[in-house]
Amino acid sequence: MEYQQILNTIKLELPSLSHTGQVASYIPELAKVSSNKLGMHLYCINSGHYSFGDHEERFSIQSISKVFSLTMAMSIFDDELFQRVDVEPSGNPFNSLIQLEYENGIPRNPFINAGALVISDTLISELKNPKQDFLDFIRDITENNNIAINPKVFRSEKECSFRNAALLNLMKSFGNIKNDIEEVLDFYIFQCAVEMSCKELAIAFMIYANGGKKLSNSTQVLSLQKTKRINAIMQTCGFYDEAGEFSFRVGLPGKSGVGGGIAAVHPGQYAVTVWSPPLNPKGNSALGMYALERLTTLTGYSIF
Ligand code: GLN
């Protein structure tokens, strides 16, 4: 497959599209990022790296971190984890409170904020140093020891995380949060504040394309069965109330973040990431979705 040629075509097409989206501003520090940033990186199992644009510049991974925290939790716990968080698409915005009330504090899935907060709670109960362990996990699968958080983004979100605090309080009232609310919030915001480039994210996401194994040395990071399950949750829940649209237009399991990143995989083939900060009204990178739609159109293959 001529991936570099395909990426070059996508690169040429993208700037001609009008910037329909808005850079996330509810976390003030994210609003400072230039809306013109644009990068894409494809890491193929058989033939290596392809890229264009700002693919080596780090950005705030935000909700893409939810895939990593779920991976850590699923490697520790078995099915009991899913008594506290479901695996159904929510059909609601990522930070919605509505369903939680009538579904008794059990979040719809681990990729909306409520679900990721429950996952953070389970990790705090189990790990001695959750923040360090989280960074170590990402550093391990990316094989890069200097991946870190952006402290300004961390502080910025801490100052305005009223909605995530509300989600935690509501779930605590139903008994679905075991630890101190401040501690869970702090750990969750830490995860969102990790910065990675498209290239680093594509390397990290290779485990989901490669049956749970690192490509470099075949270490099994997560079992094949659990990896398939994470891909299934990405497919059905990775884009909040736009998961159906992403399946329809792109057809790959993936996860977005309000920093403008999207990471996706074609199991057995490649991991691919795009970064473009302006978001569509559902909170997903507008150009990122378009770039991935063009990728599966021009290659002729999606998981369907
Ligand atoms: N840190 C953000 C939040 O909790 C992450 C949201 C996202 O990327 N969709 O609101």
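Quantities reported herein were computed from a predicted structural model and do not represent experimental measurements. (Residues numbered from 1 in each chain as written. Predicted model: local features only at pLDDT ≥ 70, side-chain atom pairs only at ≥ 80, totals over all residues. Heavy atoms only, no water.)

**What to know about the overall build of the protein**
- Helices and strands together make up the secondary structure of the protein, namely twelve helices and eight strands.
- Taking the principal axes of the C-alpha coordinates as reference, the protein spans close to 55 × 40 × 35 Å.
- Considering the protein as a whole, with its 304 residues, one finds that 59% of them fall into the buried category.
- In the protein, once contacts between residues fewer than 6 apart in sequence are set aside, the share between residues at least 24 apart is 70%. (Helix = DSSP H or I, 4+ residues; strand = E, 2+ residues; numbered from the N terminus. Buried < 20%, exposed > 50% of the residue type's maximum accessible area, 1.4 Å probe, protein only. Contact = heavy atoms within 4.5 Å.)

**Details of the pairing of strand E7 (residues 261-266)**
- A large share of E7 lies buried, amounting to six of its six residues.
- Taking every second residue as pointing to the same face, both faces of E7 are buried, with Gly-261, Ala-263 and Val-265 on one and Ile-262, Ala-264 and His-266 on the other.
- In this structure, E7 lies alongside strand E8 (residues 270-275), joined through six bridges in antiparallel fashion. Within E8, the position partnered with His-266 by the bridge is Tyr-270.
- Connecting the antiparallel pair E7 and E8 is a turn made up of three residues, with Gly-268 showing a positive phi of about 85°. (Pairing = 2+ DSSP bridges.)

**Some words on the site of the ligand**
- By nearness alone, 13 residues border the ligand, and Tyr-26, Gln-62, Ser-63, Glu-157 and Tyr-188 come closest of all.
- In the environment of the ligand, an oxygen atom lies 3.0 Å from a nitrogen or oxygen atom belonging to the side chain of Asn-113.
- Between the ligand and the protein, one listed contact pairs an oxygen atom with a side-chain N or O atom of Tyr-188 at 2.5 Å.
- A total of 300 Å² of accessible area belongs to the ligand in isolation, and the protein chains cover 99% of it.
- Residues of the shell around the ligand, tallied by class, amount to seven nonpolar, five polar and one charged. (Near = heavy atom within 4 Å. Polar contact = N/O pair within 3.5 Å; in protein donor to acceptor, adjacent residues only side chain to side chain. Areas by Shrake-Rupley, 256 points an atom, 1.4 Å probe, with all protein chains shown as cover. Nonpolar A, V, L, I, M, F, W, Y, C, P; charged D, E, K, R; others polar.)

**Thoughts on the sheet that holds strand E4 (residues 148-149)**
- What the three strands build is an open sheet, ordered E3-E5-E4; its pairing is antiparallel. Each edge of the open sheet carries a strand with a single partner, namely strand E3 (59-60) and E4.
- One ladder, built from two bridges, connects E3 with strand E5 (residues 194-196); its direction is antiparallel. Residue pairing across strands places Ser-60 opposite Glu-195, the latter belonging to E5.
- Docked against the sheet, helix H5 (residues 130-142) engages E4 and E5, running at close to 10° with respect to E5. (Axes fitted to C-alpha atoms, helices over the stretch in contact; angles between N-to-C directions.)

**Quick word on helix H2 (residues 65-76)**
- Helix length check: H2, at twelve residues, gives a terminal C-alpha distance of 17 Å against a target of 16 Å (1.5 Å per residue), a fit within 8%.
- Where burial is concerned, most of H2 is hidden: ten out of the twelve residues are buried.
- Listed as buried for H2 are Ser-65, Lys-66, Val-67, Phe-68, Ser-69, Leu-70, Thr-71, Met-72, Ala-73 and Met-74. (Expected span 1.5 Å × (residues − 1).)

**Section: the pattern of salt bridges**
- Taken as a whole and assessed by the stated rule, the structure comprises 15 salt bridges.
- Between Asp-186 and Lys-158 there is a salt bridge whose closest N-O contact spans 2.6 Å. With Asp-186 in helix H8 (residues 181-192) and Lys-158 in helix H6 (residues 151-158), this residue pair connects regions lying 28 residues apart in the sequence.
- Since its relative accessible area comes to 33%, Lys-158 is described here as partly exposed.
- Arg-249 is the salt-bridge partner of Glu-293, the closest N and O atoms lying 2.7 Å from each other. With Glu-293 in helix H12 (residues 286-299) and Arg-249 in helix H11 (residues 243-249), the pair connects residues that are 44 residues apart, well separated along the chain.
- It is possible to trace a salt-bridge network through shared partners that takes in Lys-131, Lys-158 and Asp-186. (Salt bridge = Lys/Arg side-chain N within 4 Å of Asp/Glu carboxyl O.)

**Overview of the environment of Asn-164**
- Along the chain, Asn-164 falls in helix H7 (residues 162-173).
- Exposure remark for Asn-164: the relative accessible area of 5% places this residue in the buried category.
- Measuring from C-alpha to C-alpha, the distance between Asn-164 and Met-1 comes to 43 Å, with 163 residues separating the pair along the chain.
- Beyond its immediate sequence surroundings of up to four residues, Asn-164 is in contact with Asn-113, Leu-117, Glu-157, Leu-185 and Tyr-188.
- Only 2.9 Å separates the side chain of Asn-164 from the side chain of Asn-113, close enough to count as a polar contact.

**Quick word on the sheet that holds E8**
- Taken together, five strands build an open sheet; the order of strands is E2-E1-E8-E7-E6 and the sheet is antiparallel. Both edges of this open sheet fall to strand E2 (48-53) and strand E6 (254-256), since each of them pairs with a single strand only. Neighbouring strand axes in the sheet, compared pairwise and without regard to direction, differ in orientation by 10° on average.

**Details of the side chain of Thr-227**
- Here Thr-227 is to be found in helix H10 (residues 224-237).
- At a separation of 2.8 Å, a polar atom in the side chain of Thr-227 contacts the main-chain carbonyl oxygen of Ser-223.
- Non-local contacts of Thr-227, meaning those with residues more than four positions away in its chain, are made with Ile-207, Tyr-208, Gly-211, Gly-212 and Leu-222.

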